[in-house]
Every structure is written in structure tokens, then in C-alpha cells.
Amino acid sequence: MAENKDANQNCNHGNGVPCVTQENGHLSCDESVIKNGISSEDTITDAAPAATPPQSVQSNRVNSPTNVSRPHVNHRTGSPTNYTGSTAHTTSAREEASSPMGSQNSPPNHQHVVHVHVNPGETFSVRLGDQIQHIQGPATVRMVSNNGPPLPMPMQVPPGHMVQQIVDEYGILTHVILSPQPPVPGSPMTGGPNSATQYYHNPYGPHYTQHPQYPAHHHPHPHAVPPHMQSGGMPPPPPHVQTPPPHNCTNHTPVHSSGPSPPVNSTEDRTLRTRARVRKKLERRRTDGYPPRPPARRRCPGVNGEVQHGNHVSNMSPTENGPTEPDEDNSLILQYLSNMPPPRVTDIEARSALIQISPPDCDSSDLDASEFKYELLLSDKGRDAKYKPVYSGDATEITLKDLKPATEYFLRVCTVLNDDLKGNQTDAVSFRTAACEPDMPQPATLLAKTKTSLQLKWKAACENGSKISTYTLECDQGNGDGNFVEVYNGLQRQYRMTKLQAASRYTFRLAAINSVGKSPFSEPVTFYSSGTVPSQPDPPMLSEQFVFALTISWIKRPNDDEFLLQMEDEATGHGFMPVYNGPNLSYTIRNLRRNTEYKYRLSAKNDEGQSKWSDVVCYRTYPERPSTPCKPQIKGKIYAHSFKVTWDPPADNGGSEITKFVVELDDGHGYDTVYEGSEREHLFDHLVPGHTYRVRVACCSAGGRSEFSNCCEATTLPVSPGQCQAPKLQGKPKATSLHLRWSYPEYDGGAQVTSYAAQMISPDNTMREVYRGHDLDCIVAGLLPGRPYLFQVRAFNRAGGGPWSDPLEVVSGAGVPETPRSPQATCKSPHSAIISWEEPFNNGAAITEYRLEWQHKLDNNEFSQLYFGPCLTYDVKGLTPATLYSFRVQAINSAGPGPFSAPSPCVTPPSSPAPIITIKSQATATSIWVSWREPHNNGSEIISYNLDLGEKQLITIEPSCEYTIDNLIPETVYKIRIQAVNGIGVGAFSAPVKVVTRALPPSPPRLECVGVAPSSLKLKWGEGRNTDLLTYTLEMEKEDGSFQAVYTGPAHTHKVNKLTELTSYEFRIFASNDAGGGPYSDTYTFKTTIAPPPAMRAPKLCEITLTSCLVEWQSCRPMAGDVIVYLLQVQRLDSHDHEYKQLYRGPSVQFKLETLQPKTDYHVRVCAIRQCEDQNMGDIVGAFSPGVTFTTLSPEPVRLNSSKSVESKLLEPKQLTDQQWAAIIVVVFVIVAILIAFLTQHVIDYLRRTDT
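Residues numbered from 1 in each chain as written. Predicted model: local features only at pLDDT ≥ 70, side-chain atom pairs only at ≥ 80, totals over all residues. Heavy atoms only, no water.

On to the sheet that holds strand β60 (residues 973-982), then. Pairing between sheet strands relies on hydrogen bonds along the backbone, with the strands arranged either parallel or antiparallel. In spatial order, the strands read β58-β57-β60-β61; together these four strands make up an open sheet with antiparallel pairing. Both outer strands of the open sheet, β58 (955-957) and β61 (993-996), are each paired with one neighbouring strand and no more. Each strand axis lies, on average, 30 degrees off the axis of its neighbour in the sheet, ignoring direction. In this sheet, β61 lies alongside β60 in antiparallel orientation, the contact comprising four bridges. (Pairing = 2+ DSSP bridges. Helix = DSSP H or I, 4+ residues; strand = E, 2+ residues; numbered from the N terminus. Axes fitted to C-alpha atoms, helices over the stretch in contact; angles between N-to-C directions.)

The phi torsion at Asn938 lies on the positive side, around 55 degrees, for a residue other than glycine. If you trace the backbone, Asn938 turns up in the loop between β56 (928-932) and β57 (942-948). Taking relative accessible area as the criterion, Asn938 reaches 5% and is therefore assigned buried. Phi is positive for Leu1062, close to 55 degrees, though the residue is something other than glycine. Summarising the element assignment, Leu1062 is placed in the loop between β66 (1053-1056) and β67 (1064-1073). (Buried < 20%, exposed > 50% of the residue type's maximum accessible area, 1.4 Å probe, protein only.)

On to the pattern of salt bridges. A side chain of one charge can pair with a side chain of the opposite charge if their charged atoms are brought near each other. As enumerated under the stated definition, the model contains 27 salt bridges in all. A salt bridge links Arg557 to Asp560; the nearest nitrogen and oxygen atoms lie 2.9 Å apart. When its relative accessible area of 2% is taken as the criterion, Asp560 is described as buried. With a shortest N-O distance of 2.8 Å, Glu664 and Arg696 are connected by a salt bridge. Taken together, the positions of Glu664 in strand β33 (residues 658-666) and Arg696 in strand β36 (residues 692-701) put the pair 32 residues apart, joining distant regions of the chain. (Salt bridge = Lys/Arg side-chain N within 4 Å of Asp/Glu carboxyl O.)

Turning next to the sheet that holds strand β47 (residues 824-829). One open sheet accounts for three strands, arranged β47-β48-β51; its pairing is antiparallel. The strands lining the two open edges of the sheet, one partner per strand, are β47 and β51 (873-877). Neighbouring strand axes in the sheet, compared pairwise and without regard to direction, differ in orientation by 20 degrees on average.

This part is about the confidence of the model for the protein chain. Here the protein chain shows a mean pLDDT of 77. Residues at 70 or above account for 76%. Between residues 183-266, whose pLDDT stays under 50, and residues either more than four places distant or in other chains, the model counts 224 contacts. Residue range residues 290-324 is modelled with pLDDT below 50. Its contacts to residues more than four positions away, or to other chains, number 69 contacts. (pLDDT = per-residue confidence, 0-100. Contact = heavy atoms within 4.5 Å.)

In C-alpha cells, the structure reads:
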């Protein structure tokens, strides 16, 4: 903005001096002070003409700063317009009448200022007498009145312009704004001083409630508008108010307006004020770091044209007063955010589209588009359906992916500012994705198959906007090399492929084609054509052998799909039973018996049928290793160098005989094998006397070696100790005594040395025992000074004394001091005392040291050294309270130590009890039993114990050394401490002992029967997992009503055998763990079934004729008094139905078949039927016997020279079938091919050798 410098003049008429000031057009909200744009003010005084009153002219120069930011506003341009006014001369009295509020409601300041604002491009003219001054916009003319407050007045303006008059809270005119007004459609433009509707403010009455409606001003004024606005014209005043004419004012020059003016609180003015507040608010947010915005409140529309004066709000409700400032701020921001153009959709493909977003139009506001975020909402259900958000961020170009082909989508966008202000959504924009090739179809499925054809079908694929024109089916022709060839192309969704090979593998894949392209091929799927029934397989093989299981394997041939494995257990008598049916090539049969032989046979199957059974093979399980033998026992007496042991065989040999026993001996350096054999006793000799040996036994069988038994300990008898070495002199010999020391004998005889004996041989060869005890030294007294003595020593154990050692010769020395007096003991505390003594007579040599000894055990007469030194006193510490101690002292000089003084007793005073050393505990689930050894009471009897369990309060216990703590929590760790209490006080706590309570005994499981047989019941309990290592005990009720345990162990099943048929048995069970045994379960009753008759052997045939045959079979023994009858069935092999026909039922064991066809093959079998006495049970049919085939005789005459009878016809071979012939031809062809290949290879090798 260019800097404008214009001179403004102040004109005085009478008492009033109008002051005109030009400014930059920016107005502060304060109505009385101009804060922006005035840089300096100069006063200019000119001479006025004689015809006019004296005038005072003041010129103010104003600089418009260039750094003030103003919004871009379109203003009407054209030539300057002259605004002309005339000066009116009035008297002082009329001026006061025209302003009744001048003495009551005027502000304290007597100088009143009116600001006239001129827009850019306009010219404001002021007449001062005969002079006219023109002021170019933008400018603010400052008019000063010193004679009274100005009031709103009618003003004349040129056509196409409008004037706004602003008053303060006292009704005094403060601002006049001149601006161009756009024409209003349908409103006539009138001119002249009286053409506009005039409005006047009534200072005494309420605000007007009826105002004309004005259109919104489309060109907002660049200046900020104060909140109190009054229109340029006033409506006619009420009848009781006299409106002064415009020419009665002498204080300032009136300016007349023409044309209607907008009301005071118009939408344009509120918009200007709100924009200013929004601008400041945004600047404050940027400065403060975007504090959280208060929630927007609902805008309340206000009454148009209301006039507010200062703080006067009487007769105005909140609704009439309009929205609050924060609501207006948020609503204006939301208005900007909602002014957003619809998004553009480009680069539309089948599964993606590019969305371009244009930010809202915020050129007229201070909003920063970089702070905007956009929410993108998408719908594929219709324009008015629910939209889902697909993107939220600040990007203006978004690529939508994973769209559906050939689908119409609707898109909306809204703008978000600071995550709490969100504009309205744009109108929905629709777009449609392009079509594409079909989706990958699902693999074809098999509808039917034969040996030479496969019929496939498939489901329709997704078209993706373009109809499928054809399907393409490809096949690998059974080669399996991954090379596919098209075999079908069409619209049908099924196809039959012919001319295939039997029992062959074919892989197919499928693709769909439309006008856009070809879909990916489906996942390959494999089908097999039909084949022939497998031939008889080889016998199954044994892969792995275990104690209770066998792993059986077999070989798969090209025509085999599944296998059926059967096992026969001769112990059960049920014949071959299936154990596996499936495609695997091996199977492990478990739960077998140890060291038992089982028979197996195998059959192969495919879609065409089942092959014949293979040859029967037998395999045996391993035997189990024996159980642990019993603990060996000592047989006879134990000697010093030998002893004999014996043992019993184990209770369970593992299913095989015991072959040998292994005996091991431990002499303290580990076990060594000393015997292997079948005998059950062994003599150990060449042993060390008095040594402890350990013996254990294990047994061996075909199943392996058992665990070793518990060890048996034996200690050989000891012998007398060996000879000790000669004793040695300890120190120098003294005049009357000497000190001897010896060592432990080299051999103690197998027993601990209990004592030693020392003897002295005097010079006169008399012997005297001078020592007997367990120490390795002694002091010999009573010697004569300077005499030779011999000393010997020997050891004793519980077997007796050993030989004397070699003698030691010693000569006694000089004299020793006399015996001192008894020392005096003075107790300072229960744990310390001071011992003092007097110096004895030294016998001619100075006493150099003293030896103080004490005795603190009542049952021990020996003293131990306490102090050795030259002092005559000693402070003893660490004494036990209330204990008798004895002290004695000995003097030592150069000749040696003198005799000890008499013992001096001393009793320490009592004290608090000593701490408890060890605590024993036994825990249950809810209690802990603790016991301890009574500590030393230190001279005062223990009256109670305090037990600390980690809780706040101690447990006081009577003077007993055991206690049971109840009401504890299972599986909880407790720290236990105990202290003793006596009459002196409490002792120290013992070391804490951690004790863990056990878990509660487990509850019993539910018992159920999973297998019922005539002589056994298989019971099951639990869930099959034993993670808690529980032990289950199953009990069965005996005949006398008591229960007997039939199983104890961790398993969850048990089979009870040797039961009686049709008998009810009662069972119960309980579980146990480390915490003990749990409660018994309820009693369960299970009943065995009735036993069917046993399987019969194959019947015998005799007396075979042309039309008859006699069939005989063995009878079955009666079962529980029930009647046994037999059922005979016959099958004719050459018939088409292959059905058995019943020909006989009765108790007889033979029957003659008649009316048979000559030279015909028949198959007969027989079974037993048990007729129960209980009619409700009905007849129980047993298993049929193996069938027997026979052929009736031919009508041709029989040769007499035949070597065999009719029975030989049964052994005649049958004619081979076509399938058998085909198998033989294939085998022969394979053998010939192998031979030809073998010979060809040899020929080729021979030719190569000849060439080299």
C-alpha cells in the first residue's frame, strides 16, 4: 500500500472547531481511541476571509504503514465523488435542546470526536465556510467537537452509496463509515435528502424491535467495525420525543446521506468481527501449540437489526442477542471447511482409481491449508447408502486399491482441522471401475470314472464385468511331467475325457476366458482311472520288534490303494481280526503280550475290490526283562575274613526263564562283579576284618538284565590291633615327670581303637602301667630326677589289646616349681569371668610361664588348656550361663612345669535361654507338625516357647518340644522360627525353616466301562492324561461284601479278567499322590455278557455220491445247562447268487445232504447255536467253521485201477480264471524281459571289452 500523506484541517464555527484527520483506515475496537496509523500531527493556522467568522485550521499528516496486512476486497472504481455539506449556524440554547443527554449521559471528557471512514477510490469533501477541502480515500477524517456530544443525524449520500453511523454506550455518535453499496434487485435507488428512510436513536426508550430487512453487503469493508452501529438514517421518533432538525447543530458540520443503509447488527458486520477474532485465535493457536478447542455449541440465530449500547442488555434474550463468540468462530471455520469442491477421480482401472482432492477456498481467511486433513468415504451400495471411511490424512492424491471390477462407487470428502472441527461432506461423486479378466476358477471335481474315461465338472467363475465366453480344460496326458495339453474348450461346465489307460493318474487344470482376457489357471487336481482287483500280496514283514508291540510293514504295488491287515491271537480263539485298514505301508500293533507269537496276513484293496489274503506269517514279541530280585540275606555267621549270602528269584521273570544271576560287591570303592551263575548263594572270602561290605543281585533272561536289588550290608568281625611304633618324648624330660606321645597303629584290626596303655619299666626292672586312655599322649609323673626309664605303648579295640611297642629310654630332668594355690575366679557376667592366681615357689628356677586349664563338663574329669603365658590373670569369655567351671593353674620353669593346683570351682549366673539349633517338621495339606530339642536353659527353667510363622502375632506354646500348627493353606511356603522363654527373658530365634504344605488329596475320577465280554470287563477312568502323577487304586467287591484291590498304578484303563458271564460286579476307585489317598468314588456296577458258543472246526465229508453227501462235525460241550443246536449251510459255487442255504438245524452232529447235482462244486460250513433258558436272551449264534468244498461224483463210470478214492476229487485243481491267466502272462513277460535285458547288458559289456 502506497504511503498517503494528506493535510487535514480543523474548522471552528462559533464554539466548535471541527477537526479532520486522515488515517490508514484501520480502526481499533475501542470507540474513543485510534491506535493505528497516526505518526505525527502538525497544526497550521491560516487567515480567514472577513465575511466569515474567525477559523482555526489544524493540519495533521498521517503515514499509512506498509506492513499492515489487509484482506483483498473488491471496491468500486471510478472518478472521485464529492460529498458536500453545508455549515449551519445555531444558537447555544437550541444546541442544548437538541442534545438533552449532553449534561447527563455524556462521558466525563468534554471533547467529542467523530471518525469518518473513507474507502479507497473515494473522495470526501468538507466545506469550511467558502472553502471546500477534498480528502482522498483510504482515510479516516477526525472531527472534534468541544461544545457538546454529537448525535446520529440524517446524511445525504450520492446514489449507489451507503453510510453507517456507530454510537457508543451513551448514544453518542463516534464513527461514520462511507462505502459503495451494490444495487439490490427489486429495490429502487432513490436520492435526495429526504428520500431515505430515517432512523434515530431514542436515548430514553428501549431499542426498536422492528427494523427493515437489508440484503447482505457483498463487499465487506476492510476496516474493523466496532460492535455498536447505527444506520445513517433514523426512523421517525416516538410522539413524545422531539427530533431536532438537522440544521440546528452548530458544533460540527452535518453530512447527509441518500439511500437505505443496512441495520446496525447486520450479517456483514458480524462476519467482519468474527473474521478478526478467528484471525487472532489462529495466531494464538500457532503460538501456543494448538491447545484443545472447546466443543462447538449450537448456533442460535439472532434478531436482525438489534442495536447494543455498551453493556446495556435489558429486554434482550440470549437468542435475540445472537451467538457467542466461540460459537461464531467455530461456525465460521466450519463454513470455510465446508466450502470444499467435490473430489476428482482419474486413472480409473479395474481394481484401482486415483482420487484428487482440492482444499477448501480459504483465500479470505487466515486458515493454513497445510494444516488440513481429509477424510475419504466410499460406498458401493448406492448414492444414499452407508459410506465407509477408507482414508484419513493430509494427502491430496490418494490411490484406491483392491476395488471390485465393473462396480459403481460413490465418493465423498470432508475437511478436518485439528481433529475437532470437521466440515460438511461434499456431494457424492460416482465412478465405475473397468471390467477385467475372470477370477481364477475353482479346480474341477470328479463326477464319474471308468477304466478308460473320467467325467469332470466345475463351477462358474466370477465374470468381473464381462460375460465368460469359454472355458479351457488342460490335461497332462498322464505323463506327470507338468506339460499340459488342451482337451476341452467351450461353455459347458462338464466334460467327459475318454480313451484313457486303466489305473492311471491324470492331472487337470481349468481357466475361464471373457472378452477382456484369460483368467489364471486353477490349482492342478489329480484323478485316477479305474483299474483291476489287486493280486495276492506278499506276506507282511516284521520291521521292528518290541516287548508289547510289533511293527508290521509291506510293499505297495502300482495297483494297490489300501491295505487290510489281520492278526490272530490263538489265546483268544477269535481267529483273524482286523487291526489296520488304510493306505500306509506299516503299522505298529500295540498292547500285545510279551514273548507271545501272533499270526498275520495281508490283503490289498482298490476301487475295484479286494485281493486274496497273503500267506500267514508268525512273529513273536520280545520277552520283558525280569523284575528286581529280592534283597539278598546273610546265611550263617559272619567271620573276620568271609561270609555267605543267599537270595530268591524275582516274582516276575518277564515271560522267560532266568538264565543267570549277577552278584556285585562294594568294598567302599564301588561295585565289582564277583559272581555270575545260576546258583542262588555265594561265599565271599579273603575279606578285610572289620570292614563293611554291600552286596546286590540282578538276574538275566532272554529279555535282558533286571535292575539290581536293594543292597545287603555285612561287616566282618575285627581282630586285635597291630603293634604301635615306639613312643616319643614330647618336650624335655623333667625331674619328676615327662610327656610321652605316640601315633595310631598302622593296622587297627578292623575296629576303631578305643584306648591306649602305656607302661613304665623302672631301673629295678619293675613294670607299672602309667596310662590307660584314648589320647595319643600322656604325662608320666612320680619320677625320680636323673633316673633312666623305659616306656612302651599298645592299642586296644573291641577285640582286645595288641602287642607292646618297642621301648623308649628316657632320663628324668631337673626339679619343677611347687604346686600353686587354687586360682580365684570372679564372674563379670553370665558369659565372662576373670581368673587370677599367685606365684608359687619356683624350686630354684625362675617361673617363665603359666598354664591355665579349665573343665566345663560335669561328666568329664579332664581339663583342657585355656591359657598359656606369663601373666597372673586371664579374662575368660564365651562361658555358658549357670554352668559349673573348674580352673587350675600350673607353673613352668626351666626344669619344666610343676604340678597343677587344686581345682577352683566357679558357677556363672543364669541367663536367657540359648537358641534352638535344629527343628524337625512334617507337613500335611493343612497342618505342620514341628519338633525340636530343648535348648540349654542357661540356669533358669524354660517356661514357654514363641513360634513365629511369618504373621504379626507370635504363637505361645507351653513348655513342650513339639507342636502342631493347624488351619494352614495347602501348597504354601511357611518360614518357621522358634525361641525359648525362661524367667530371665526370651532367647534368640532359631534359624528359619522353610516348610511347604502339601497339596490336598486328589478327588476320585469317574469310572466307566468301555469293554464288556463274557469273562472280562475293561474299565476306564480319567481323561487319558496323568500330568499330576497320580496313582489310581481300583477295587472290586468280593463275595463277603469287602473290597479287594485289583489294580494300582498310574494308568487310566484296566481289564479285569476271569469273571463269570451274566454276573454283576461292583467297583470303586480312589486316587492318591504325595499328599495321601483321596476319598473313594461311588460304587459302580457293571455286568458281563453271555458267552457265545465257540467256533467249530471244519466239518468232515464222507459218502460222497452223485446226489448226496454225509457231513459230520464235532459236538460242543454244554454251556451253563443251555441246549446247543447246530446250523448247517450249503453254497453252490457255480450258481449266480453265491448265497448260503440253510439245510439243517438241530442237535445232531451229522446230516446227509441229498438232492444234489452231479459233478457240482459245493461249499459247506457249520456253526453252533446256544439256546438260552431265558427266552429274553434269545438264541446266540457262534462263529461259522471254516468252509469245506467238495464235488459230487460224475455220472461217468469210475475206473477200478484208480489209486485214490472219491476224496482225491477234492484235491483236483480248478480251472484258472481269465484274471489268473492274465497274471501268469504278465509274470512270464516280466521274467523274459528281465532275462533279455540281462543278456543284452552282458553282450554290450563284452563288446566294450573287446574294443578296448
